[in-house]
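A closer look at the structure
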Amino acid sequence: MRGRIVLAAVLGAATFVSAPTAPAEPSTQDSVSGRGPVGWQTYRDLTAAAQLRPDSQVRQFSSYDRTGGNDDGFNNTYSCLRHTDDGCVIAERQGAGEIDSMWFTRDFGSMVHNGRIKVELDGRVVVDELLQELVDGKTGAPFVWPLVGNGDDTAGGSVIKVPMPYRESMRVTVQKDPFFYHVTYREFPDARGVTTFDPADKAEDVVKRLRGFGVRDPKPGMRNTSVERFTGDVAAGATASVASLSGAGWVSQVRVRLPQVVASPRVGNDGRAFGAGGNSAFTVAVDRNNEGVRLTRRVDPVIANQVARIVVDGTAVGTVDSGPVRHGQWIDQVVEVPASVSKGKTSLKVSVEYVSSALDINEFRYDVHSRVGGSWNRTDVLDLGPGHDGEEKAHGYTIRNQSWEGTRVYRYPADPAQVTASDAVLEGVRLRATFDGTTTVDAPVGEFFGSGLGEYDTRTLFSSIDATEDGWYTAWWPMPYGRSATFELVNGSGVPITDAAVQVTSAPDRSVADGLSSGRLGYFNATHKRAATVPDRSWNFLEAEGTGVFYGVTHSMRGNITSGNRRNYLEGDETVYVDGARTPTLYGTGSEDFYESGWYFRDGTTYVMPEAGNPAYELDGDGCRYDCTGAYRLMVADAVSFGSGLRFDIEHGPVDNEPADYSSTAYWYGTAEKTFSETDTVDASSDESRAAHDYRAEGETRGTLTSTFEGSGDKTPVTHGVTSATGEVSFTVEVAQDNKGVRLLRLGDQNAAYQRATVLVDGRRVGEWSQPLGNTHSRWLEDSFELPGSATEGKSSVTVTIRPAAGGPAWSAATYRALSRG
């Protein structure tokens with residue numbers, strides 16, 4: 001926690017208590033079981049993060065280098081699936097689904113030269129705007145910050161996080177070739193429960209919820225909550241039990257405070273200044289039950305004697321003075337607003353007025369804390385400056401007589417020995433949680449809450465590190481338990497912990513036990529790893545068996561490149577393999593791209609957004625030997641579901657070639673039981689298999705292909721027989737009689753893109769199997785098609801008929817594997 005200077009005294013004291021409104025119970029069952037929330041409901045009920053959703057497959061289109069190299073967009077080589085009169089098609093799919101996340105970068109984060117973006121859903125245009133204006137938030141809700149973000153918001157990228165469901169088809173087109181991009185989307189077996197996205201729905205409740213990221217619980221409220229509290233010391237090598245819960249219910253919040261930890265001193269921030277006669281004004285959120293409010297104001301004391309008056313709701317509450325000139329150093333000014341001014345209110349209008357200065361008055365950031373029940377809780381943050389236009393607008397920030405704007409990378413005064421000891425505590429003290437007798441959370445405190453390199457102020461949708469004095473580390477992940485839950489602090493740091501505080505908030509819910517036992521809900525997991533990177537082997541965030549949903553990761557990258565481009569470890573791409581498929585369902589374009597930034601985080605610029613951020617950057621000091629990056633990525637609407645297994649990797653360097661010390665904590669929900677099981681395989685190159693499965697094909701050519709798979713298999717040639725057909729293909733496959741649907745995986749040759757066919761099950765049309773992807777280098781592709789349960793349930797075998805589209809490429813297949821969903 002960072003030290004402070006209190007520059008204004010409390011003017012009065014009062015208390016005000018109002019009865020909280022009883023919120024609705026969280027929902028543990030979605031309207032269509034097995035696919036999770038759809039559309040805006042994804043953000044309206046984040047307790048549903050614990051729902052397992054094996055019927056929802058996450059996929060991605062991106063500009064990744066099809067040869068496995070590093071040309072992931074630099075030359076637009078792979079940036080378009082095809083061209084139309086509207087421009088470059090970057091995503092296209094048939095069937096029901098939802099676009100969940102789009103990311104772009106070029107020109108150091110400017111989207112001007114991409115021109116317009118057009119999104120078509122079910123044959124209707126729902127977005128047709130200049131991409132730069134869309135990510136700037138100029139087109140209006142729901143496309144406003146932080147559901148969109150531009151190159152300043154994300155330190156080099158541009159993002160669109162508006163969930164856009166569709167029932168039949170989607171297409172995304174950019175007017176100009178976009179260089180680097182990702183479009184991540186979900187596929188559903190059918191359109192049940194799916195309503196096509198309506199851009200007229202401003203979803204203002206969702207916008208408000210997301211703008212409270214990192215300071216407020218984003219989930220619906222829970223009834224009958226209680227808090228277990230622990231305060232005390234934890235000796236080196238000791239373990240402290242901090243909470244023990246019984247019965248069935250939810251853990252809705254976990255908070256930890258370690259007063260001996262000091263904040264990491266290096267901070268980059270942008271800000272503004274105003275001259276004589278000027279002022280700034282803005283609105284901040286506070287707790288209605290507050291017993292006073294604290295404003296913490298970050299200032300650059302390079303200008304001497306900056307004196308400003310702080311006025312709250314028309315009442316002067318104090319004066320601040322920056323004092324003498326200090327170069328390259330931050331100071332925090334703290335003003336305590338008395339309860340007589342703030343009690344009973346949910347927001348305050350703050351005005352900062354010029355009094356006197358050697359030149360002008362600067363400001364960079366405001367942290368707002370409400371005192372409730374004797375504890376200071378952060379209730380808002382205004383990070384202002386030219387790089388935070390969305391955040392300024394959300395707070396109604398205005399400035400009069402502006403004299404300067406810009407960015408500073410300075411340090412807070414700190415004892416290096418204290419920083420070293422603090423880093424050791426944050427890495428060596430682990431939070432351990434056990435649900436129903438199984439430990440699923442065992443991770444360093446720092447990385448669990450969002451920063452593995454030190455105490456860096458961090459705000460995500462599900463967690464927060466408050467680096468101000470007495471700041472809490474908070475997590476809002478919904479954690480279900482059927483019988484019991486226990487939490488421990490394990491001190492493996494070698495440093496005695498003094499005056500630690502832990503609070504675990506829970507709510508009883510008898511339905512959770514059934515949700516967990518039936519496989520509708522999964523247990524919360526936080527899986528930590530740390531090791532030196534290994535040449536030719538990607539870093540693994542998570543490898544898991546069973547059924548689950550991957551929601552994200554906090555990643556601490558400690559580069560060990562001694563000279564040249566010391567950030568080259570960031571050239572590594574992520575790949576995601578689901579349920580035994582040999583082709584990745586997600587294939588990224590670079591590490592900072594995965595964290596939704598760009599250009600090495602604009603050369604080390606730190607930032608935070610609800611679902612991605614880079615809160616920590618260290619260079620040649622503060623515990624970092626060379627170049628170190630701390631980042632996080634949450635995947636909320638685009639969470640990766642799996643029914644039998646998952647492998648989520650990221651390269652270290654362009655070809656897994658750069659030395660580094662990596663650690664990561666992956667957040668996911670899961671159960672050991674597998675939802676999908678392989679019940680049959682058809683080998684189209686084997687006469688015996690063809691006969692056994694009554695395999696028939698019209699206009700067929702048979703041959704042999706020797707090539708590689710994309711991703712981790714791009715250097716290992718595989719030889720297998722392969723067929724192509726211009727006419728109807730049919731075969732019979734065995735399925736589990738108690739199935740709730742079947743996933744059909746096709747291994748084929750993707751030398752020709754845009755293979756497309758109509759699929760029938762036992763003579764009934766179930767959809768279009770369309771594959772826009774193509775690759776002339778790594779030609780093997782294993783893609784999939786979901787056969788809905790309405791066509792397969794109660795059967796022990798089904799006959800699949802595939803009718804290639806007239807005039808399109810021949811339909812290629814080597815094998816078909818049937819995965820029955822239990």
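The structure displayed is predicted, hence computed values, not measured ones.

Reading the values: rules and limits
Residues numbered from 1 in each chain as written. Predicted model: local features only at pLDDT ≥ 70, side-chain atom pairs only at ≥ 80, totals over all residues. Heavy atoms only, no water. Disulfide = S-S within 2.5 Å. Buried < 20%, exposed > 50% of the residue type's maximum accessible area, 1.4 Å probe, protein only. Helix = DSSP H or I, 4+ residues; strand = E, 2+ residues; numbered from the N terminus. Pairing = 2+ DSSP bridges. Salt bridge = Lys/Arg side-chain N within 4 Å of Asp/Glu carboxyl O. Contact = heavy atoms within 4.5 Å. Axes fitted to C-alpha atoms, helices over the stretch in contact; angles between N-to-C directions. Phe/Tyr/Trp six-rings, centres within 6.5 Å; stacked < 30°, edge-to-face > 60°. Core = buried A, V, L, I, M, F, W, Y, C linked by side-chain atoms within 4.5 Å. Lys, Arg positive; Asp, Glu negative; His and termini not counted. Polar contact = N/O pair within 3.5 Å; in protein donor to acceptor, adjacent residues only side chain to side chain. Expected span 1.5 Å × (residues − 1). Arc of directions from axis to C-beta. pLDDT = per-residue confidence, 0-100.

1. Quick word on the state of the cysteines
Across all of its chains, the model carries two disulfides by this definition. The partner cysteine of Cys80 in its disulfide is Cys88, sulfur to sulfur 2.1 Å. Here Cys80 and Cys88 share a disulfide; its torsion about the S-S bond, -120°, makes the bridge left-handed. The disulfide that involves Cys624 links it to Cys628, with 2.2 Å between the sulfurs.

2. Here we look at the pairing of strand S56 (residues 815–821)
Each regular strand displays side chains that alternate between the two surfaces of the sheet. Judged by how many residues are buried, S56 sits mostly within the fold: seven of seven residues are covered. Residues Thr815, Arg817, Leu819 and Arg821 line one face of S56 and the alternating positions Tyr816, Ala818 and Ser820 line the opposite face, and both faces are buried. Relative to S56, strand S45 (residues 676–683) runs antiparallel, the two being bridged by seven bridges. Counted as the bridge partner of Glu678 is Leu819 from S56. Pairing of strand S50 (residues 741–749) with S56, which is carried by six bridges, proceeds in the antiparallel orientation.

3. What about the pattern of salt bridges?
Applying the stated criterion across every chain yields a total of 58 salt bridges. A salt bridge links Lys118 to Asp86, with the nearest nitrogen and oxygen atoms 3.1 Å apart. With a gap of 32 residues between them, Lys118 in strand S6 (residues 116–121) and Asp86 in the loop between strand S3 (82–84) and strand S4 (87–94) connect regions that are remote in the sequence. The salt bridge involving Asp620 is made with Arg566; its shortest N-O contact spans 2.9 Å. Taken as a pair, Asp620 in strand S40 (residues 612–621) and Arg566 in the loop between strand S36 (547–559) and strand S37 (574–578) lie far apart in primary sequence, 54 residues in all. Using a relative accessible area of 19% as the deciding quantity, one classes Arg566 as buried. Connected through salt bridges with shared partners, the residues Arg365, Asp367, Arg378, Asp383, Asp457 and Asp466 form a single ionic network.

4. Focus: the environment of Val286
Note on placement: Val286 falls in the loop between strand S16 (266–285) and strand S17 (293–299). What Val286 contacts, discounting residues up to four positions off in sequence, is Val293, Lys345, Thr346, Ser347, Leu348, Val368, Ser370 and Thr379.

5. Some remarks on the sheet that holds strand S49 (residues 729–734)
Reading across the sheet, the five strands line up as S46-S49-S54-S51-S52 and stay open at both edges, with antiparallel pairing between neighbours. Each edge of the open sheet is held by one strand with a lone partner, namely strand S46 (696–697) and strand S52 (764–771).

6. What to know about the sheet that holds S4
Ordered by their spatial adjacency, five strands build an open sheet running S3-S4-S11-S6-S7, and the pairing between neighbours is antiparallel. The sheet terminates laterally at S3 and strand S7 (124–130), the two strands that pair on one side only. Strand-to-strand twist of the sheet, defined as the mean angle between neighbouring strand axes without regard to direction, takes the value 25°. Note that S6 and strand S11 (residues 169–174) share five bridges and pair antiparallel. Note that in S11 the partner of Val119 across the bridge is Val172.

7. Here we look at the pairing of S6
Counting buried positions over the six residues of S6 gives five, a clear majority of the element. With six bridges connecting them, S6 and S7 associate as antiparallel partners. Across the sheet, the residue bridging to Val119 is Val127, located in S7. Taking the residues that link successive antiparallel strands as the turn, the S6-S7 hairpin has two residues, and the phi of Asp122 there is positive, at about 55°.

8. Considerations on the packing of aromatic side chains
Using the criterion set out here, one finds 34 aromatic pairs in the structure. Their ring planes at 80° and their centres at 6.2 Å tell us that Phe143 and Phe197 sit as a pair that is edge-to-face. With Phe143 in the loop between helix H2 (131–135) and strand S8 (148–149) and Phe197 in the loop between strand S12 (180–187) and helix H3 (204–211), this residue pair connects regions lying 54 residues apart in the sequence. When its relative accessible area of 6% is taken as the criterion, Phe143 is described as buried. Measuring from centroid to centroid gives 5.9 Å for Trp539 and Tyr662, while their planes differ by 75°, and the two rings are edge-to-face. Highlighted residues: Trp539 in strand S35 (residues 539–545) and Tyr662 in strand S44 (residues 660–671), separated in sequence by 123 residues.

9. Some words on the nonpolar core
With 137 residues, the main nonpolar core has Ile117, Ile160, Phe448 and Phe487 as its most contacted residues. Looking at this core, the element that brings in the most residues is S44, giving six residues. Counting residues in hydrophobic clusters, the runner-up holds 25 residues, among them Val733, Trp769, Val800 and Ala813.

10. Here we look at the side chain of Glu592
Summarising the element assignment, Glu592 is placed in helix H9 (residues 591–594). Despite its burial, Glu592 pairs with no opposite charge; the closest candidate is Arg567, at 7.8 Å N-O. A polar atom in the side chain of Glu592 sits 3.4 Å from the backbone nitrogen of Trp599. Setting aside its immediate chain neighbours within four residues, Glu592 contacts Leu570, Ser597, Gly598, Trp599, Tyr600 and Phe601.

11. A closer look at helix H6 (residues 416–428)
Taking 1.5 Å per residue as the helical rise, H6 with its 13 residues ought to reach 18 Å, and the 18 Å between its terminal C-alpha atoms agrees with that figure. At its buried positions, H6 is contacted by strand S26 (429–435), strand S27 (438–444), helix H7 (445–449), strand S30 (473–475), strand S32 (484–491) and strand S33 (497–508).

12. Here's the deal with helix H8 (residues 511–518)
The complete set of buried residues in H8 reads Val512, Gly515 and Leu516. Along H8, the residues classed as buried sweep out an arc of 95° about the axis, all on the same side. Positioned one or two residues after H8, Gly519 has a phi angle of 85°, which is positive.

13. Some remarks on the environment of Gly767
Mapped onto the fold, Gly767 is located in strand S52. Owing to a relative accessible area of 11%, Gly767 belongs among the buried residues under this scheme. Sequence-wise, Gly767 and Leu787 are 20 residues apart; in three dimensions their C-alpha atoms are separated by 8.6 Å. Each residue touching Gly767, except ones within four places of it in the same chain, is listed here: Ala757, Thr758, Val759 and Phe785.

14. Description of the confidence of the model for the protein chain
In this model, the protein chain carries an average pLDDT of 95, and 96% of its residues clear a pLDDT of 70 or more. Long-range and interchain partners of residues 3–31, a stretch whose pLDDT sits below 50, account for 65 contacts in this model, where long-range means more than four residues apart.

15. Considerations on unusual backbone geometry
A cis geometry characterises the amide bond from Ala141 onward to Pro142, with omega recorded as 10°. Along the chain, Pro142 falls in the loop between H2 and S8. With an omega dihedral of 5°, the bond running from Trp145 to Pro146 counts as a cis peptide bond. Looking at where Pro146 falls in the secondary structure, it is placed in the loop between H2 and S8. Backbone geometry places Asn224, a non-glycine residue, at a positive phi of 55°. By the element assignment, Asn224 lies in the loop between H3 and strand S13 (226–234). With relative accessibility at 61%, the residue Asn224 sits in the exposed group. Even without glycine at this site, Asp313 takes up a positive phi of about 50°. On the secondary structure map, Asp313 appears in the loop between strand S18 (307–312) and strand S19 (315–321).

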